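# Chains, contacts and geometry: an overview
This is what each chain is made of:
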Amino acid sequence: KEVNLVFEGVMTDAEVNVNGQPAGPKHQGAFYRFQYPVSRLLQFGQPNVLEVTVSKMSENASVNQAERYADYWIFGGIFRPVYLVAHPKEHLARTAISAGADGRFSIDVFGRVGPEAKTVSVQILDSQGKRIAETSARFEPGAEKVTLRGEAPGVHFWTAETPHLYSALIQLKKGNNVIHQLTEPFGFRTIEVRRGDGVYINGVKIKFKGVNHHCFWPETGRTLSREIDRQDVELIKAMNMNAVRCSHYPPDKSFLQLCDSLGLYV
């Protein structure tokens, strides 16, 4: 398998060594996930040493302007999770799902399939795990992605008031054997911006009542948890708001997942 070392967020410049060897180029920018392929550096079955040197001030002036001189408290260090991801050499890397209120869906599947063509299939599952639609496509060697298209009948819409979620079970197959798979939650909704009028979701005009949100907590600084993220989302909804603005960087992954499941426009 291939092993990647993943950082969800480090403030600000990060130099990463594994067993005394550089994992890759220095990363700059605090609020963005980055990763290094580290299979070649690992000593399997033996202890490994991970060293990370963090510089609070970036060598990049534009990064400092954006992250060090903005309108929020400044901290330095590793403030989001660090973990290893192992997957087969032929694998699914990520997906991008577009699903409308008419039940039609389109899924871009990115990955690596090697010298032989493979099959990519998707099953759309409701909240009870019942399969409501499925389709498949051929993933050709050398291609960066394949697009799956289909339609699911009688779906429930996603809105802030009705945050119905479905799951896409996406599998990479060689013959009948599943090589790798991903499960992605999503909602069926159609968003329109009508010029001179407003924003419509599923054909209904929406009024946004929202607030700016920072990834910050008095006791833990920028290091948050799913419990803290849930408190924030529930507080916003308890104040009769339906929207949140991320100020001014990508939030924790769990915060976005909770906005999906509890119902907030982001």
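Every chain's residues receive numbers from 1 upward, in the order its sequence appears when written. Totals for whole chains, interfaces and linings use every residue, but because this is a predicted model, local features are given only for residues with pLDDT of at least 70 and side-chain atom pairs only at 80 or more, for both listing and counting. Side-chain numbers here rest on the full set of heavy atoms in the structure, without hydrogens or water.

Let us now look at the pairing of strand E11 (residues 118-125). Taking burial as the measure, the eight residues of E11 include seven buried ones, the bulk of the element. Where E11 meets strand E12 (residues 131-139), eight bridges bridge the pair, whose relative direction is antiparallel. Across the sheet, Ser-121 pairs through a bridge with Ser-136, a residue of E12. Note on pairing: two strands pair once DSSP finds at least 2 bridges between them. Counting from the N terminus, the helices are DSSP H or I runs at least four residues long and the strands are E runs at least two residues long. Two successive antiparallel strands, E11 and E12, enclose a turn made up of five residues, where Gly-129 displays a positive phi of approximately 85°. For each residue, the accessible area found with a 1.4 Å probe, counting protein chains only, is set against the maximum for its type, and the residue is called buried under 20%, exposed over 50%, and partly exposed in between.

Below, the discussion takes up the sheet that holds strand E8 (residues 82-87). Taken in spatial order, the three strands make up an open sheet running E5-E1-E8, and their pairing is antiparallel. Of all the strands in the sheet, just strand E5 (34-37) and E8 have a single pairing partner and so form its edges. On average, each strand axis in the sheet is inclined to that of its neighbour by 25°, with strand direction left out of account. Bridge count between strand E1 (residues 2-7) and E5: four bridges; the pairing is antiparallel. In the strand pairing of E5, Val-6 is matched with Gln-35. To get an axis, a line is fitted to the C-alpha atoms, and for a helix only the part in contact is used. The angle between two axes follows their N-to-C directions and goes from 0 to 180 degrees.

Attention shifts here to the sheet that holds strand E3 (residues 13-18). Within the open sheet, the three strands sit side by side as E4-E3-E6. Their pairing is antiparallel. The open sheet terminates on both sides in strands that have one partner only, identified here as strand E4 (21-22) and strand E6 (50-55). One ladder, built from six bridges, connects E3 with E6; its direction is antiparallel. Across the sheet, Asp-13 pairs through a bridge with Ser-55, a residue of E6.

By convention, a stacked pair of Phe, Tyr or Trp rings (six-membered ring in the case of Trp) has centres within 6.5 Å and planes under 30 degrees apart, an edge-to-face pair has planes over 60 apart, and any other such pair is tilted. Under the definition given, this model contains 10 aromatic pairs. An angle of 5° between the planes, with centres 5.0 Å apart, marks the rings of Phe-7 and Phe-34 as stacked. Of the two residues, Phe-7 is situated in strand E1 and Phe-34 in strand E5; the sequence distance between them amounts to 27 residues. The interplanar angle of 85° and the centroid separation of 5.2 Å between the aromatic rings of Tyr-166 and Phe-188 together place this pair among those described as edge-to-face. Within this pair, whereas Tyr-166 is found in strand E14 (residues 166-174), its partner Phe-188 is found in the loop between strand E15 (177-186) and strand E16 (191-194), the two being separated by 22 residues in sequence. With respect to class, Tyr-166 is no different from Phe-188; both count as buried. Put simply, the rings of Phe-7, Phe-34 and Tyr-36 pair up and form one aromatic cluster. Only lysine NZ and arginine CZ atoms are considered, and such an atom sits over a ring when it is within 6 Å of the ring centre and within 35 degrees of the ring normal. The ring of Phe-110 has Arg-94 sitting right over it, with the charged end atom 3.9 Å from the ring centre. Residue placement shows Arg-194 over the ring face of Tyr-200; its charged tip is 3.6 Å from the ring centre.

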